[in-house]
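Residue-level structure breakdown
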Amino acid sequence: MRIIRDDLRGPEIAAMLKAHLKDFEPHSPPESRHALDLEGLRHPDVHFYTAWKDDDLLGCGAFKRLDDTHAEVKSMRTDPAHLRQGVARAILAHLIEEARAAGLQRLSLETGPMAHFAPARRLYEAFGFDYCEPFGSYRQDPYSVYMTRRL
């Protein structure tokens, strides 16, 4: 598996992100969906990465700078054909290292409290993320839980 910083120009990326956004629809109302779309992920404060095996897109993940020391994990997604193969674990480890290299001191994230998001929460817990209060512009929301960790 190779992980690269991606410019979000490939059709495979657009398709994966479309599926990512669609996946949230049955789990939360529109006002509680916080995933970035393709243009949002192209913002200069976003560092977006993809994982590949040969020409197959395995997954993606990003972090968005909130300030000089704090960033938010965004758009963690594994292609369904590659679940339970270590893709998300490799991407998250890469994001943590890239965030450290960028001089960040904290990574935080928002995810869902429902059973659908339990595997993601277990992954974040395994990487040392602890539950926290809303951060940045987030507010208490029954469709969200917040996690953070120092780097």
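See above for the structure.
Treat the numbers as computed from the prediction; the structure is a model and nothing was measured.

The rules behind the values
- Residues numbered from 1 in each chain as written.
- Predicted model: local features only at pLDDT ≥ 70, side-chain atom pairs only at ≥ 80, totals over all residues.
- Heavy atoms only, no water.
- Buried < 20%, exposed > 50% of the residue type's maximum accessible area, 1.4 Å probe, protein only.
- Helix = DSSP H or I, 4+ residues; strand = E, 2+ residues; numbered from the N terminus.
- Pairing = 2+ DSSP bridges.
- Expected span 1.5 Å × (residues − 1).
- Arc of directions from axis to C-beta.
- Core = buried A, V, L, I, M, F, W, Y, C linked by side-chain atoms within 4.5 Å.
- Contact = heavy atoms within 4.5 Å.
- Polar contact = N/O pair within 3.5 Å; in protein donor to acceptor, adjacent residues only side chain to side chain.

Counting buried positions along strand β3 (residues 56-65) gives seven out of ten residues, so the element sits mostly inside the fold. Linking strand β2 (residues 46-53) back to β3 in an antiparallel pair, the connection comprises two residues, with D54 at a positive phi of about 55°. As paired strands, β3 and strand β4 (residues 70-78) are joined by six bridges and run antiparallel to one another. For A62, the partnering residue across the bridge sits in β4 and is K74.

To continue, consider helix α3 (residues 87-101). In this model α3 runs 21 Å from its N-terminal to its C-terminal C-alpha over 15 residues, within 8% of the 21 Å that 1.5 Å per residue would give. When α3 is considered as a whole, its buried residues turn out to be V87, I91, L92, L95, I96 and A99. The buried side chains of α3 occupy one side of the element, clustering within an arc of 165° when seen end-on. Phi turns positive one or two residues past the end of α3, at G103, with a value near 85°.

The subject of this paragraph is unusual backbone geometry. Of note, the phi angle at L8 is positive, near 60°, even though the residue is not glycine. With respect to the helices and strands, the residue L8 is situated in the loop between β1 (2-5) and α1 (11-24). Residue L8 is classed as buried on the basis of its relative accessible area, which comes to 4%. Positioned with a positive phi, D54 is a non-glycine residue whose angle comes to about 55°. Along the chain, D54 falls in the loop between β2 and β3. We classify D54 as exposed; its relative accessible area is 62%.

The subject of this paragraph is the nonpolar core. Formed by 21 residues in total, the largest nonpolar core has its most connected members in F63, V73, M76, L92, L107, Y124 and F129. Those elements that place two or more of their residues in this core are β2, β3, β4, α3, β5 (106-111) and α4 (118-126). Here the element with the most residues in this core is α3; it accounts for six residues. Ignoring any residue separated from it by four or fewer positions in sequence, one finds F129 in contact with V73, L92, I96, L107, S108, L109, Y124, M147, T148 and R149.

Attention shifts here to the side chain of H47. Relative to the helices and strands, H47 resides in strand β2. Of the polar contacts made by the side chain of H47, one reaches the side chain of R5; its length is 3.3 Å. Each residue touching H47, except ones within four places of it in the same chain, is listed here: R5, G61, A62, F63 and R65.

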